[in-house]
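If you want the building blocks of each chain, they are given just below.
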Number of protein chains: 2
Amino acid sequence: MGATIEDVAKAAGVSIATVSRYLNGRTEAVSATTGARIQTAVDRLGYVPNLAARSLKTGRSRLIGVLLANIAHPYWSTVLSGVEEACQRANYSVIVSSASDRADIEHRYLQMFLEQRVDGILFNPAHAEPDLVAAWSALSVPVVTLDRTLPGLPFGLVAMDNARGIGLAVEHLVALGHRRIGFVSWHPRSLSNRQERLKGYLDALAGADIGFDPALIRFAEDGWSDGVDCTVELLVEPDPPTAIISATSMLNLQVLAAIKRCGLRVPEDISVVGYDDSPWDELLDPPLTTVATPARQLGVAAAERLLTALDAGEGTVTGEVRLLPQLVIRESTRQAPP
Amino acid sequence: MGATIEDVAKAAGVSIATVSRYLNGRTEAVSATTGARIQTAVDRLGYVPNLAARSLKTGRSRLIGVLLANIAHPYWSTVLSGVEEACQRANYSVIVSSASDRADIEHRYLQMFLEQRVDGILFNPAHAEPDLVAAWSALSVPVVTLDRTLPGLPFGLVAMDNARGIGLAVEHLVALGHRRIGFVSWHPRSLSNRQERLKGYLDALAGADIGFDPALIRFAEDGWSDGVDCTVELLVEPDPPTAIISATSMLNLQVLAAIKRCGLRVPEDISVVGYDDSPWDELLDPPLTTVATPARQLGVAAAERLLTALDAGEGTVTGEVRLLPQLVIRESTRQAPP
DNA sequence: GATGACAGTGTAAACGTTTTCGTTTAGACT
DNA sequence: AGTCTAAACGAAAACGTTTACACTGTCATC
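Residues numbered from 1 in each chain as written. Chains lettered and ligands numbered in written order. Predicted model: local features only at pLDDT ≥ 70, side-chain atom pairs only at ≥ 80, totals over all residues.

## Topic: the pairing of strand β1 (residues 63–68) of chain B
Residues and elements named next belong to chain B. Formally: Three exposure classes are used, all based on how many other C-beta atoms lie within 10 Å of a residue's own C-beta (placed from the backbone): buried at 20 or more, exposed at 12 or fewer, and partly exposed between those limits. Only DSSP runs of H or I reaching four residues or more are called helices, and only runs of E reaching two or more are called strands; each is numbered from the N terminus. In short, DSSP must find at least two bridges between two strands for them to pair. By convention a crossover is right-handed if, when the strands point away from the viewer, the path from the first strand over the helix to the second runs clockwise.
Among the 6 residues that make up β1, 6 are buried, leaving the element largely enclosed by the rest of the structure. Alternating positions in β1 separate into two faces, L63, G65 and L67 on one and I64, V66 and L68 on the other, with burial throughout. Relative to strand β2 (residues 93–98), β1 runs parallel, the two being bridged by 6 bridges. Paired with I64 across the strands is V94, a residue of β2. Crossover β1 to β2 through helix α5 (residues 74–89) is right-handed. The pairing of β1 with strand β3 (residues 120–123) spans 4 bridges and is classified as parallel. Pairing of I64 across the sheet is with G120, part of β3.

Listed below in structure tokens is the structure:
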């Protein structure tokens, strides 16, 4: 308990330099016999290397800071599990924080990351406060932003192809003959991933020669309830949609609940395409047609992007990686009524 | 960038000891004027303290290791967010790992925590391998286990009152006149939280003078599909239950899906009580009566338990804290058929 | 005016590593 | 026997802090 490298050296009858070399498997090899002596000493003493000391000396901590909007949210926790998996594989530890989409909190936590001397940072920025963007841009470690970005941030980005994802949903519904397609998204609208999804909706409509009707779009407050009201609003329009696309997993069930509340049936009266394909989407009633987003892979890809940059000794990451969503057709979509 | 305490000292024209004292707000106060000089130097140089060096010197890292069975699971990610909240409030960072219920992986990650010299550990142990239990018992930092424990572990425990939670469900159904109450739980059965839930079921039945019928119990494999099959099995029994209790959130939707697959309606034909009260449970069709477990509070309570022990300088945490679940009655339960 | 007390500050050792550079040793070659 | 090379190892400095201890001045007290 609390044995240092010096204790090990003493016990093995060698110098601490040799112990260090042995433990790190360095090229200036130690002989097999001393190696064995050191190993037994390590085992006997229960020696555990002190990463703080190593970090201080080498300047690298084997720590990755991960800052997410909301780690309690199923989507983000799945992303996180991918990050964690990739980091563990590369022998990095991840220190995690949840910023609730508040830029000031984000800033504070990033500061904590710097104090811990993390080797790299993964995060998804919230609102664009110019001075914070400036401060972040000066961050001294490699950063990869997840899922969304902010104008002016000189970081790498790993995200879904949001526009394409919604495009898939629209095209599917159009192929089924729908022309009045509702779109329920959520606030704040300004975040890049949401803008992209809206653009995907608009572009796909345009591509199908369908005129855009602003009455078919709603934006709900973040959370588990406002989406119901927004969807109900949509349904009581004079010329209601025959299909609705939910722009994020949090809204899937809210859209379904609203439809039920209005006395309509899915898919007989109205079709629904969900988003993200949570593991329980196929258990819903009816099993939900959704745009499946590879959340876990997003985490893995982002972490690997960061880690390879670290291995290569690059002080910064740039460029953009987009992951392709896929449409999973189940039973919540059906031919449009004539 | 990369300024050390020495740079700050030089810039402010004082010694590094004074800078350190100022930064740590120690009792041997520094005068207001030097304090101001130091602060401007800090700001100008963009000095960021090096926690690795501090940790090395003080022996405390302000790091908490959190090891969970599965951080992608909504329940655990909610617990994690509570932990993170409490730790941030106390200025600790949390380093997190996901062990997939495999004891060998758990062991490896605990080792990594020790190397990082975490000040404390929160984790939920998986299977009881005697040699690992022995190794864990010798851990040199305070540990609190979350949600479940293992015989022989000398750690503090913060968990739900699992038996009482299921008891609430049974009592509610009994009050509605149900006497054949199915119970769907999940593997591995040996984990303490699952044993307690089973015990809660049996005790509550006994308390209501209802004989126990083993045909009414099923254990599903962990995951998002086997629960459906298990529930179907239950429903095709010669004398099927008039109500079913799902023992964990992961099974809620699987039970509902199975019932639907058998052509039965909830609650007309059969009542259902879910578990955990995920935020979307009230959006289901029908809105689910569930045993609400305060997952976030569990995380907060466990972290605070650990942190107060750390503050008090106690090297170990013992004792047990149980959080009380609450029954939330919605529309999936109804009077039993005569 | 000498004496203490005390607030404020500086010096230097220590924390546990990694790593540069230098030393020893053993064997291979003339 | 002498020289050279390479493998194996050791001594010591450095990483950026905290903190015990010593020191300086200022002011109140006798």
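After that view of the structure, there is still more to cover.
## Thoughts on the relation of the copies chain A and chain B
This is how it is decided: When the copies are superposed, the least-squares fit draws on C-alpha atoms of residues that have pLDDT of at least 70 in both. This entry defines residue contacts through backbone-placed C-beta atoms, with two residues in contact when those atoms are within 7 Å.
For these two chains of identical sequence, chain A goes onto chain B by a turn of 180° and a shift of 0.0 Å along the axis, with RMSD 0.1 Å. The symmetry that links the two subunits is that of a two-fold axis. Within chain A, the C-alpha atom positioned nearest to the axis of rotation is that of A:I95, 2.0 Å from it. Here 100% of the contact residues of chain A are again contact residues in chain B; the copies associate through an equivalent surface.

## Details of the protein's contact with DNA strand D
What counts, and what does not: Only the C-beta atom matters for this test: placed from the backbone, it must lie within 6 Å of a molecule or strand for the residue to be near it. Each residue is assigned to one of three groups, with Ala, Val, Leu, Ile, Met, Phe, Trp, Tyr, Cys and Pro labelled nonpolar, Asp, Glu, Lys and Arg labelled charged, and all others, Gly among them, labelled polar.
For DNA strand D, the set of nearby residues contains 28 residues, the closest of which are A:S15, A:A17, B:I5, B:A17 and B:S20. Where the surface near DNA strand D is concerned, the elements lending two or more residues are α2 (16–24) and α4 (51–58) of chain A together with α1 (5–12), α2 (16–24) and α4 (51–58) of chain B. The element that contributes the greatest number of residues to the surface near DNA strand D is α2(B), accounting for 6 residues. In the surface near DNA strand D, the residues fall into 13 nonpolar, 9 polar and 6 charged.

## Points about the protein's contact with DNA strand C
The environment of DNA strand C is formed by 28 residues, the closest being A:I5, A:A17, A:S20, B:S15 and B:A17. Listed by contribution, the elements that provide at least two residues to the surface near DNA strand C are α1 (5–12), α2 and α4 of chain A together with α2 and α4 of chain B. Across the surface near DNA strand C, the residue classes break down as 13 nonpolar, 9 polar and 6 charged.

## Some thoughts on the interface of chain A and chain B
Contact residues are listed per partner, giving 40 residues for chain A and 40 residues for chain B. Counting residues per element, the ones that place at least two in the side of chain A that touches chain B are α4, α5 (74–89), β2 (93–98), α6 (103–115) and α11 (249–261) of chain A. No other element matches α5(A), which puts 7 residues into the side of chain A that touches chain B. For the side of chain A that touches chain B, a count of residues per class yields 22 nonpolar, 13 polar and 5 charged. Note: β2(A) against β2(B), 3 bridges, orientation antiparallel. Bridge pairing in β2(B) links A:I95 to B:I95.

## Side note on the sheet that holds β2(A)
What counts, and what does not: Structural elements are reduced to axes, namely lines fitted to C-alpha atoms, with helices fitted over the stretch in contact, and the angle between N-to-C directions of any two is expressed from 0 to 180 degrees.
Taken together, the 12 strands give an open sheet; going across it, the order is β11(A)-β5(A)-β4(A)-β3(A)-β1(A)-β2(A)-β2(B)-β1(B)-β3(B)-β4(B)-β5(B)-β11(B), and neighbouring strands pair in mixed fashion. Either end of the sheet is taken by a strand with one partner, and the two such strands are β11 (320–323) of chain A together with β11 (320–323) of chain B. For this sheet the average axis-to-axis angle between neighbouring strands, irrespective of direction, equals 20°. Sheet analysis places strand β4 (residues 143–146) of chain B next to strand β5 (residues 156–160) of chain B, joined by 3 bridges and oriented parallel. In the sheet register, B:T145 faces β5(B), and the bridge partner there is B:L157.

## Quick notes on the pairing of β2(A)
Burial within β2(A) is extensive, with 6 of its 6 residues counted as buried. The alternating pattern of β2(A) places A:S93, A:I95 and A:S97 and A:V94, A:V96 and A:S98 on opposite faces, both of which are buried.

## Structural notes on the environment of B:S97
With respect to the helices and strands, B:S97 occurs in strand β2. In the structure, B:S97 is positioned 15 residues away from B:M112 in sequence and 9.9 Å away in space, judged by C-alpha atoms. Ignoring sequence-local partners within four residues, the contact set of B:S97 consists of A:E84, A:Q88, B:L67 and B:Y109.

## A closer look at the sheet that holds strand β7 (residues 217–220) of chain B
Residue and element names in this part refer to chain B. Read from one edge of the open sheet, 6 strands run β7-β6-β8-β9-β10-β12, paired in mixed fashion. Each edge of the open sheet is held by one strand with a lone partner, namely β7 and β12 (326–328). Going across the sheet, the axis of each strand differs from the next one's by a mean of 20°, ignoring polarity. Here strand β6 (residues 181–186) runs beside strand β8 (residues 243–246); their pairing, made up of 4 bridges, is parallel. In the strand pairing of β8, I181 is matched with A243.

## Notes on α6(A)
For clarity, the threshold we go by: Helix span is expected to be 1.5 Å times the residue number reduced by one. Think of the arc as the fan of directions from the helix axis to the C-beta atoms.
The first and last C-alpha atoms of α6(A) sit 19 Å apart over 13 residues, in line with the 18 Å expected at 1.5 Å per residue. Inspection of α6(A) places A:E106, A:Y109, A:L110, A:M112 and A:F113 among the buried residues, and these make up the whole buried set. Seen end-on, α6(A) carries its buried residues on one side only, within an arc spanning 155°. α6(A) presents A:D104 and A:Q111 as exposed residues on the side facing more than 90 degrees away from its buried surface. In this fold, the buried residues of α6(A) make contact with β1 (63–68), β2, β3 (120–123) and α7 (130–137) of chain A together with β2 of chain B. Two residues or fewer past α6(A), A:R117 is found with a positive phi of approximately 60°.

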